[in-house]
Amino acid sequence: MSEPKKIGEVFLAGKNLTRVFGHGDKKTIAVNNVDFEFRRGEIISIVGESGSGKTTLAKMILGLLNPTSGEIFYEGKPRDISSHARRRSYWQNIQAIFQDPFSAYNIFNRVDSVLMDCIRLQGGTKLSPEENFNKMSDACKFVNLKFEELTNKYPLELSGGQMQRLMIARIFMLNPRLLIADEPTSMIDACSRATILDMLLKLRDEINMTIVFITHDMGLAYYISDTVYIMEKGLIVERGSADEAILSPKSDYTKRLIGDVPKIYEPWDFSASAAETAPVTEKAVIGNGVIGNAG
Ligand SMILES: Nc1ncnc2c1ncn2[C@@H]1O[C@H](COP(=O)(O)OP(=O)(O)OP(=O)(O)O)[C@@H](O)[C@H]1O
Ligand SMILES: [Mg+2]
């Protein structure tokens, strides 16, 4: 588990955020009057079933979709991404990784050009080849990849787990304040999944990044988050510390979601004595159970 953390001030907030798609009979209120506050260094999970509005909310936060109504506040002021320069500066601080790592890359760009793009985005156009190499190789080291082995490869020549690690290496280089990770582990095996989660936690612990983790998996949310938001049909139906939201849920929906995770209160360790002595509120125990179990 990670060290005790410093959770700082609120730097990103949403007020009455709503997004509607379509009209008339085809109208969907994908996100309905949602409020949130994200603090520096906080790990937040947004949990909900398919279609509950998680990705739509993430896209509004990223500035990829406009809210139908409501507002986002960045560093206490209404967010302004109306010009190209303002969007660019916002995206230096708010970044995302998505479920399908393959779709995130241009298949004709080699790994080194993926990483060089990050250096350019950071404004590092005047660095020497050696400085560029060191930056790229440090980022690869952070995610246990060897830059020398990857440099001439194309994204399709990497495994799903390597690809996700490369995504995290990019984030390490871009060093945003907020990372939104939308189901980043659902396409990879359980072993790579645990590694990816550890790396995300390391981003928070080492550079105090705020991480919003979007998932279907209640056990995973419990394991990694400080704060949990539960979404149902566009609404936030539960919000609180991981302990409050998941161990003492108020909404029937959360209770039902927890009921759907048969292992949430059981330790993953198969030995009977370990099971008897394991405290049920121990995050690591519950988390291991559900991560190991997630399908
Ligand atoms: N571009 C769009 N046009 C029309 N409807 C959309 C669009 N994007 C999302 N929706 C609808 O909005 C609702 C919320 O979708 P969203 O993708 O945010 O859900 P989600 O919680 O991310 O689901 P999943 O867990 O499956 O990724 C769904 O009913 C979806 O069909
Ligand atoms: Mg989604």
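Residues numbered from 1 in each chain as written. Chains lettered and ligands numbered in written order. Predicted model: local features only at pLDDT ≥ 70, side-chain atom pairs only at ≥ 80, totals over all residues.

Colleague: So what exactly am I meant to see when it comes to the sheet that holds strand E4 (residues 69–74) here?
Modeller: The pairing of strands in a sheet comes from backbone hydrogen bonds and takes either a parallel or an antiparallel form. Spatial strand order, E2-E1-E4-E5: four strands in an open sheet with antiparallel pairing. Of all strands in the sheet, those with a lone pairing partner are strand E2 (28–39) and strand E5 (77–78), marking the two edges. As paired strands, strand E1 (residues 10–21) and E4 are joined by five bridges and run antiparallel to one another. By the bridge assignment for E4, Lys15 is matched with Glu71. Contacts from helix H1 (residues 54–62) reach E1, E2 and E4, with the element oriented near 55° to E2. (Pairing = 2+ DSSP bridges. Helix = DSSP H or I, 4+ residues; strand = E, 2+ residues; numbered from the N terminus. Contact = placed C-beta atoms within 7 Å. Axes fitted to C-alpha atoms, helices over the stretch in contact; angles between N-to-C directions.)

Colleague: Quick question: what am I supposed to make of the pairing of strand E9 (residues 227–232) here?
Modeller: Successive residues of a regular strand alternate their side chains across the two faces of the sheet. Across the six residues that make up E9, a large majority, six, are buried. Along E9, one buried face is formed by Thr227, Tyr229 and Met231 and the opposite face, lined by Val228, Ile230 and Glu232, is buried too. Across five bridges, the pairing between strand E3 (residues 43–48) and E9 is parallel. Bridging from a neighbouring strand, Ser45 pairs with Val228 of E9. Direction of pairing for E9 relative to strand E10 (residues 235–241): antiparallel, over a ladder of six bridges. (Buried ≥ 20, exposed ≤ 12 C-beta atoms within 10 Å, placed from the backbone.)

Colleague: What exactly am I supposed to notice about the packing of helix H4 (residues 129–142) against helix H6 (residues 160–174) here?
Modeller: In the contact formed by H4 and H6, the axes pass within 8 Å of each other and the chain directions differ by 125°. By the angle between their axes, H4 is oblique relative to H6. Crossing angle aside, the handedness with which H4 passes H6 is right-handed. Residues Lys135, Ala139, Cys140 and Phe142 of H4 pack against Ala169, Phe172 and Met173 of H6. For the contact of H4 with H6, the residue count by class is six nonpolar, no polar and one charged. (Parallel < 35°, antiparallel > 145°, perpendicular 65-115°, else oblique. Left-handed = near helix turned anticlockwise from the far one by under 90°. Nonpolar A, V, L, I, M, F, W, Y, C, P; charged D, E, K, R; others polar.)

Colleague: Would you mind going over the site of ligand 1 with me for this structure?
Modeller: In the neighbourhood of ligand 1, the contacting residues comprise Phe21, Gly22, Thr28, Ala30, Gly48, Ser50, Gly51, Ser52, Gly53, Lys54, Thr55 and Thr56. Mapped by element, the contributors of at least two residues to the shell around ligand 1 are E2 and H1. With three residues, H1 is the largest single contributor of residues to the shell around ligand 1. Grouping the constituent residues of the shell around ligand 1 by class yields two nonpolar, nine polar and one charged. (Near = placed C-beta within 6 Å.)

Colleague: When you look at the sheet that holds strand E6 (residues 94–97) in this model, what are you seeing that I'm missing?
Modeller: Strand order in the open sheet formed by six strands is E6-E7-E8-E3-E9-E10, with mixed pairing between adjacent strands. Both outer strands of the open sheet, E6 and E10, are each paired with one neighbouring strand and no more. Geometrically, the sheet is characterised by an average inter-axis angle of 15° between neighbouring strands, direction not taken into account. In the packing of helix H7 (residues 190–207) onto the sheet, contacts are made with E3, strand E7 (178–182) and strand E8 (210–215), and the angle to E8 comes to roughly 155°.

Colleague: Got a minute to help me understand the confidence of the model for the protein chain in this structure?
Modeller: Note: predicted coordinates in regions of low pLDDT should not be interpreted at a detailed level. Of the residues in the protein chain, 84% have a pLDDT of 70 or more, and the chain-wide mean is 83. This stretch, residues 266–295, has a pLDDT under 50; its non-local contacts, to residues over four places away or in other chains, come to 47 contacts. (pLDDT = per-residue confidence, 0-100.)

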